[in-house]
Amino acid sequence: MRLARFYADGRARSGVIEDGSIIELTGGDLLGCASVRDSLDIEAIETGDPRRPLEEVRLLAPVVPSKIVAVGLNYRAHAAEFSKEIPAEPMLFLKPSTSVVGPGDEIVYPSHMSRRVDFEGELAVVIGRVARDVSVRDAPGFILGYTCFNDVTARDLQGRDVQYTRAKGFDTFAPVGPWIETALDPLDLRIESYLNGERRQDASTRDMIFNVYELLSFVSRVMTLLPGDIIATGTPSGVGKMKPGDEVEVRIEGIGSLVNTVVQRRTCT
Ligand code: MG
């Protein structure tokens, strides 16, 4: 099942994508306020009317997470390209919910502070049930599905600051989408990134140092994960810088493509 959020008739809505159409869920924008629930039960999801052609709606970020827990250095080849040691435990950091944008949205280049902004294509895990102290074995039951993620990073600030809050936290630095695929084995998926149509990252999720289930279990022993929360599972090698005017695409097998453009910051302060 493919779950998405979209904008129509003045408000955000949640829906299911089927045969090129999107069918609205009954019960309102469930994916937009998932964190207030105990679970998002796919079996209980009901659709109503109308059925709209997918190309006629504007898709939004498929969830509004209460937090994004991101993982650094989770692919060996990416650790090597930055001459970093392979971590013994997952290296976690947070991205704020305010950094989220959806498919087709603009990534705003923070030129008032940074001269080096990179794309990082990643598989995003979307949480489906409140998760606390979850074992690796039980982890699959806490996942709603998977989507594409771009962990946009101000690389120069990441090097300069002691921690990642500023480098990873600017508005628009967390493109998510285009939809959540609920029926997917996450352990061996091809993941690619393209900059202006040129392939720059090409790897498999089997190359992760800590797989999706190990990450969920580890994070849930640190903090409670709420429905709609995102775990960004780390990027493969091949990250690179972007500039205003660029188009960046994260493509994951079995999900689809997340495409965003980079724009100049318009405010002058
Ligand atoms: Mg990353």
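Residues numbered from 1 in each chain as written. Predicted model: local features only at pLDDT ≥ 70, side-chain atom pairs only at ≥ 80, totals over all residues. Heavy atoms only, no water.

Caption draft 1: The sheet that holds strand β10 (residues 117–119), seen in detail. In spatial order, the strands read β13-β10-β18; together these 3 strands make up an open sheet with antiparallel pairing. Two strands close off the open sheet at either side, each with one partner strand: β13 (153–154) and β18 (240–242). Judged from the 2 bridges that link them, β10 and β13 form a sheet pairing that is antiparallel. Its bridge partner being in β13, Asp118 is matched across the sheet by Thr153. (Pairing = 2+ DSSP bridges. Helix = DSSP H or I, 4+ residues; strand = E, 2+ residues; numbered from the N terminus.)

Caption draft 2: Structural context of the coordination of the magnesium ion. Summarising the metal site, the magnesium ion is bound by the protein donors Glu120 (OE), Glu122 (OE) and Asp151 (OD), whose distances to it range over 2.0 to 2.1 Å. We note that the donor set of the magnesium ion lies within a single chain, spaced as E-x1-E-x28-D. Given a relative accessible area of 4%, Glu120 falls into the buried group. Owing to a relative accessible area of 0%, Glu122 belongs among the buried residues under this scheme. (Donors = N, O, S within 2.8 Å, 3.2 Å for Na, K, Ca; no water. Buried < 20%, exposed > 50% of the residue type's maximum accessible area, 1.4 Å probe, protein only.)

Caption draft 3: Looking closely at the side chain of Ser193. Mapped onto the elements, Ser193 comes out in strand β15 (residues 190–195). Within polar-contact distance, the side chain of Ser193 engages the side chain of Gln201 at 2.7 Å. Ignoring sequence-local partners within four residues, the contact set of Ser193 consists of Phe119, Gly121, Glu198, Arg199, Arg200, Gln201, Glu249 and Val250. (Polar contact = N/O pair within 3.5 Å; in protein donor to acceptor, adjacent residues only side chain to side chain. Contact = heavy atoms within 4.5 Å.)

Caption draft 4: Here's a closer look at the pattern of salt bridges. Evaluated as defined, the whole model comprises 25 salt bridges. Two residues, Glu181 and Arg2, come together in a salt bridge whose shortest N-O distance is 2.9 Å. With a gap of 179 residues between them, Glu181 in strand β14 (residues 174–181) and Arg2 in strand β1 (residues 2–8) connect regions that are remote in the sequence. The exposure class assigned to Glu181 is buried, which follows from its relative accessible area of 8%. (Salt bridge = Lys/Arg side-chain N within 4 Å of Asp/Glu carboxyl O.)

Caption draft 5: Representation of the packing of aromatic side chains. Throughout the structure, instances matching the rule amount to 2 aromatic pairs. Geometrically, the ring pair formed by Phe93 and Tyr164 is edge-to-face, given 5.1 Å between the ring centres and 70° between the ring planes. With Phe93 in strand β7 (residues 91–95) and Tyr164 in the loop between α2 (155–160) and α3 (165–169), this residue pair connects regions lying 71 residues apart in the sequence. A relative accessible area of 9% places Phe93 in the buried class. (Phe/Tyr/Trp six-rings, centres within 6.5 Å; stacked < 30°, edge-to-face > 60°.)

Caption draft 6: The arrangement of the domain arrangement of the protein chain in detail. The assigned domain composition of the protein chain is domain 1 (2–60) and domain 2 (68–264). Taken together, the contact between domain 1 and domain 2 spans 16 residues of the former and 17 residues of the latter. Here domain 1 packs against domain 2, burying approximately 1,300 Å² in sum over the two surfaces, 62% of which is carbon and sulfur. Our count for the domain 1 to domain 2 interface comes out at 2 salt bridges. Here the side of domain 1 that touches domain 2 is composed, by residue class, of 10 nonpolar, 2 polar and 4 charged. (Domains from an automatic or database assignment. Buried area = accessible area lost by both parts, 1.4 Å probe. Nonpolar A, V, L, I, M, F, W, Y, C, P; charged D, E, K, R; others polar.)

Caption draft 7: Expanded view of the environment of Gly15. By the secondary structure assignment, Gly15 is in strand β2 (residues 11–18). Residue classification places Gly15 among the buried positions, given a relative accessible area of 0%. Once you skip the residues sitting within four places of it in the chain, Gly15 turns out to touch Arg2, Leu3, Ala4, Phe6, Ile22, Ile23, Glu24 and Leu25.

Caption draft 8: Highlighting the side chain of Asn260. As for its placement among the helices and strands, Asn260 is situated in strand β20 (residues 256–264). In terms of polar contacts, Asn260 uses its side chain to reach the backbone carbonyl oxygen of Gly102, at 3.0 Å. Aside from chain neighbours lying at most four places away, what touches Asn260 is Val101, Gly102, Pro103, Gly104, Asp105, Ile107, Pro175, Asp246, Glu247 and Val248.

Caption draft 9: Local environment of the environment of Asp246. Note on placement: Asp246 falls in the loop between β18 and β19 (247–252). The class for Asp246 is buried, based on a relative accessible area of 4%. In this structure, the C-alpha to C-alpha distance between Asp246 and Asn260, residues 14 residues apart in sequence, is 8.5 Å. In contact with Asp246, not counting residues within four places along its chain, are Leu195, Asn196, Asn260, Thr261 and Val262. A distance of 2.9 Å separates a polar atom in the side chain of Asp246 from a polar atom in the side chain of Asn196.

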